[in-house]
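A look at the structure
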Amino acid sequence: MRTRLTRLWRWLTWTWSPASEREASTAIVENLWLHWFPAKVDEESFGWRYSFWLGAISAFLFLILTVTGILLMFFYVPSTDKAYWSIKDIDCVVGFGWLLRNQHRWAAHLMVLVVFLHMLRVFFTGAYRAQRAVNWLVGLVLLLLTLLLSFTGYLLPWDQLAFWAVTVGTNIAKEVPVFGESIRFVLLGGTEIGQSALVRFYVLHVVVLPAAVLVLFAYHMWRVRRDGGLAVTDPAAAPLPVASQTPPVEGKTYSLFGVTPGTSLETRAARPQGDGVAAASSPHLLRRLILVFLAVFTVTIILSLISGAPLEEAANPSLTPNPAKAPWYFLWLQELLAVTTIRYKQLTISGGLVGGILIPGVLLVAAAAWPFLDRTPLSTIGRWFPRERRAQNAVFALIAIAIAVLVLIGVLMRGPYWQLYWPWQAWPELPRRL
Amino acid sequence: MHRSFAPNRDFWPLLVASIASLIAVLVVAYREYTPEWHRQQEAFRRYLRTRGAFAAAAAVPDNVEQIWLPALDRVDRCISCHVNYDGSISTLPDLPPLYRPHPDLPYMAKHPFPTFGCTSCHGGQGYATDEAGAHGLVKHWDDPLLTTALAAQYGLARAQLMEIKCNTCHRPDDTTPGMDLINMGKEIFAKKRCVSCHGLEGGGGLGSSDLTYDGDNNPELLPFSAVEGEKTALNWQIQHFESPQKIVERSGMPNYRLNEEQAKALSLLMLSWRRISFPPQYVPAARKRPPAIQPVVREVPAPPPATGAPAEQGRYVFENRGCNTCHRVGGGPLIGPDLAGVTQRRDERWLATWLKDPAAVVAKDEKLQTWTHEFGDIIMPDQNLNDEEIKALIAYMRQFPG
């Protein structure tokens, strides 16, 4: 009876504990969905406090965005006449439509934030050095794609918020020297934001950009393994002295090299420190990923329950809302633009070029070039805030803080007529019709 | 032999995360399956059962109910809570307001529910399925439900405020039964010759703003500094009509000394003029008065009445062609100068050229340009007067020495 109950419990809870290391490894390799994990993962890579699992979190947010996004596509109509009202229907009468839209919105905001934080983490731990420079560049492109995905999605509700945020955003693009007008024209499919802009943004948002993210994400993940796992394991990843190389063990998942003496890149990448401190990906990595996913999923749902995605009045090109703001992650650019705009008597020199193009352009180029300019010792890789990297970490932190502060000012303190208000100060009431 | 993770190291975090996500999903399900309209329909069913109307209770739907108006590109889900709107469920006397059928008012026959829905007349947000949203008492919905309380803020009855909605379609009418206040507004609008200065529907004067879609103007662009009470476009309109110069400093609009009711009538008329498109079958046959007063601007002018002395004819022209909107004879300048003694100050032949084409005269005369500046650079509009009318006007002016 007792054994039966135990068996029933086992069956119900569907627990699986591999009987041997081989079974654990095979479980990973033989599974289509799991095979891109290494069979074993170093214990240090699991730590919460090294990576904060920010990459995994952004991947799960992307998953949530894909699922909710595909469901939303069944109800959304990308037409200037129907878009706004189809969103109203999604909010009001589509089954769980409010949840889909709120979750999609929150996951999108969080993804921008988490991808940015992931970049900070990689910089502060020096994990962009040496062979990881390529993945740093891929990551930068992924960051830009994330911003573009969010920005293209911003227009789709076709409400005042969407219309004017994209107006502000594409007007910044116009400030690019020489090609500015053309870039804006190609992006909008015309000189004004209308039907052609909506369709372009829609196709970019649901096909082109997600596909690009997917391809680059796969490459990003593959590179992580190729480059030797998380940088935190690097100190142990130094090539093993020849003397310590052991003959291959039967039944281990080595590559072709397994049949000859020596270790391959794969074996080193998979478990540089030998069996001692590595754990089988299944179930340990898997379980942790489930935990991270559950946490991300719950947080997006709770946020969706607390606060809904905004939907303002239907887009009206002849009525500018007050204040008209870019999406929050571009507000630091809008702030820079406002600050660098020079007014002298009648003459106004728009800050669009300096604040909107030059400053972010310089930051981007600097970020891309930095792995190749960085001369600090390689031994600092994989550690938070090492003393040797103090100067550059400080500069990087200052830039990040400046961006964060400007975004906060833009979000919380810019009121009607672009006036500054303290967050606790009430904005003046704007006139209504009735 | 090998150091590994304790198998259950993540047990507690996993348990907490699982329970938290389960609770979150349950809360989502609760919110999805207990919408406001569902509770309202339940309550109505219970109410009917307590009054013994079991058949009626069974007829109460358990759905989102809606009137779909494809012609108006709109859907009105008001009837999800106001399920008995057409009395098809219950006709019991003294039903609570929410369950009461719509009163059978005289114009209901011409405005049936399946064609007009609810929001065409009442305002509100037809798409929404919760009370606050549907009544439009939320941010970002500029067409709130026109309630008694809202009307009372302006000292109006609800039906009077709703005339704004009627006039969406009834705009071409001179008078429409039941739209007393806006009818009054239209009458004042015609009598005061507002189109002498204001543009309207492709015609009208060029001296001031175009009023064709005045109701669509962004309220934020109105000067509210002198407006008392809430900052709303309707309040602005009312107080501006009562005293234009108090609301807009140095406004060129004459103070017509309108009483409160007249000011409200005109204000409602202004707010009703919006760019709202609807299909032709919604356009009512316009009730036009026989033209008692000829339209004046950009039209071939009607000859002055043949009867009476030239001076008498001139008085008619002065009072009916918009001159007295800006000019007074004695009593000081208004928008334009006081005309008492004008025939002494000016050569009569000059006056005739002036009346023929004021802009041409000003263009040639620098002294006149400086003088026009004193009157806010408003050049007198060309009123399309014919020679006879001009002669009559001058004859009329001769009677007033400076």
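Residues numbered from 1 in each chain as written. Chains lettered and ligands numbered in written order. Predicted model: local features only at pLDDT ≥ 70, side-chain atom pairs only at ≥ 80, totals over all residues.

Turning to the overall build of chain A, a few remarks are in order. When helices and strands are tallied, chain A shows 17 helices and four strands. Classification of the 434 residues of chain A by burial places 34% in the buried group. The contacts of chain A with a sequence gap of at least 6 include a subset with a gap of at least 24, amounting to 72%. (Helix = DSSP H or I, 4+ residues; strand = E, 2+ residues; numbered from the N terminus. Buried ≥ 20, exposed ≤ 12 C-beta atoms within 10 Å, placed from the backbone. Contact = placed C-beta atoms within 7 Å.)

The subject of this paragraph is the environment of Arg-349 of chain B. Residues and elements named next belong to chain B. Turning to its location among the elements, Arg-349 is positioned in helix H16 (residues 348-356). Classification of Arg-349 by C-beta neighbours within 10 Å gives exposed; the count is 9. Here the alpha-carbon distance between Arg-349 and Arg-45, two residues 304 residues apart in the chain, equals 84 Å.

Moving on: the packing of helix H14 (residues 281-306) of chain A against helix H1 (residues 11-33) of chain B. Here H14 of chain A crosses H1 of chain B at 30 degrees, and the two axes come no closer than 9 Å. The hand of the H14 of chain A/H1 of chain B crossing is left-handed. Along its contact with H14 of chain A, which presents Arg-287, Leu-291, Leu-294, Ala-295, Phe-297, Thr-298, Ile-301, Ile-302 and Leu-305 of chain A, the element H1 of chain B presents Pro-13, Leu-14, Ala-17, Ser-18, Ala-20, Ser-21, Ala-24, Val-27 and Val-28 of chain B. For the contact of H14 of chain A with H1 of chain B, the residue count by class is 14 nonpolar, three polar and one charged. (Axes fitted to C-alpha atoms, helices over the stretch in contact; angles between N-to-C directions. Left-handed = near helix turned anticlockwise from the far one by under 90°. Nonpolar A, V, L, I, M, F, W, Y, C, P; charged D, E, K, R; others polar.)

The next point concerns the nonpolar core. All names here are of chain A. With 40 residues, the main nonpolar core has Leu-156, Trp-158 and Ala-162 as its most contacted residues. For this core, the elements supplying multiple residues, two or more each, are helix H6 (83-92), helix H7 (97-124), helix H8 (133-155), helix H9 (160-173), helix H11 (195-226) and helix H15 (331-340). The element contributing the most residues to this core is H9, with seven residues. Listed in part, the 32 residues of the second largest apolar core include Trp-106, Ala-107, Leu-110 and Val-296. (Core = buried A, V, L, I, M, F, W, Y, C linked by C-beta atoms within 7 Å.)

The subject of this paragraph is the interface of chain B and chain A. Taken together, the 34 residues of chain B in the interface contact 34 residues of chain A. Ranked by residues supplied to the side of chain B that touches chain A, first place goes to H1 of chain B with 10 residues. Taken together, the residues of the side of chain B that touches chain A break down into 20 nonpolar, eight polar and six charged.

Turning to the packing of helix H5 (residues 54-73) of chain A against H7 of chain A, a few remarks are in order. Residues and elements named next belong to chain A. One way to put it is that H5 packs onto H7 with a least axis distance of 8 Å and a crossing angle of 155 degrees. Comparing their axes, H7 and H5 come out roughly antiparallel. With respect to the hand of their crossing, H5 and H7 are arranged in left-handed fashion. Looking at the contact of H5 with H7 residue by residue, the class counts come to 16 nonpolar, seven polar and two charged. (Parallel < 35°, antiparallel > 145°, perpendicular 65-115°, else oblique.)

In this section: the confidence of the model for chain A. All names here are of chain A. Residues with a pLDDT of 70 or more make up 88% of chain A, whose mean pLDDT is 85. In this model, residues 240-244 is a region of pLDDT below 50 whose contacts with residues beyond four sequence positions or in other chains number two contacts. Contacts of residues 262-273 to residues separated by more than four positions or lying in other chains number 29 contacts, the stretch itself having pLDDT below 50. (pLDDT = per-residue confidence, 0-100.)

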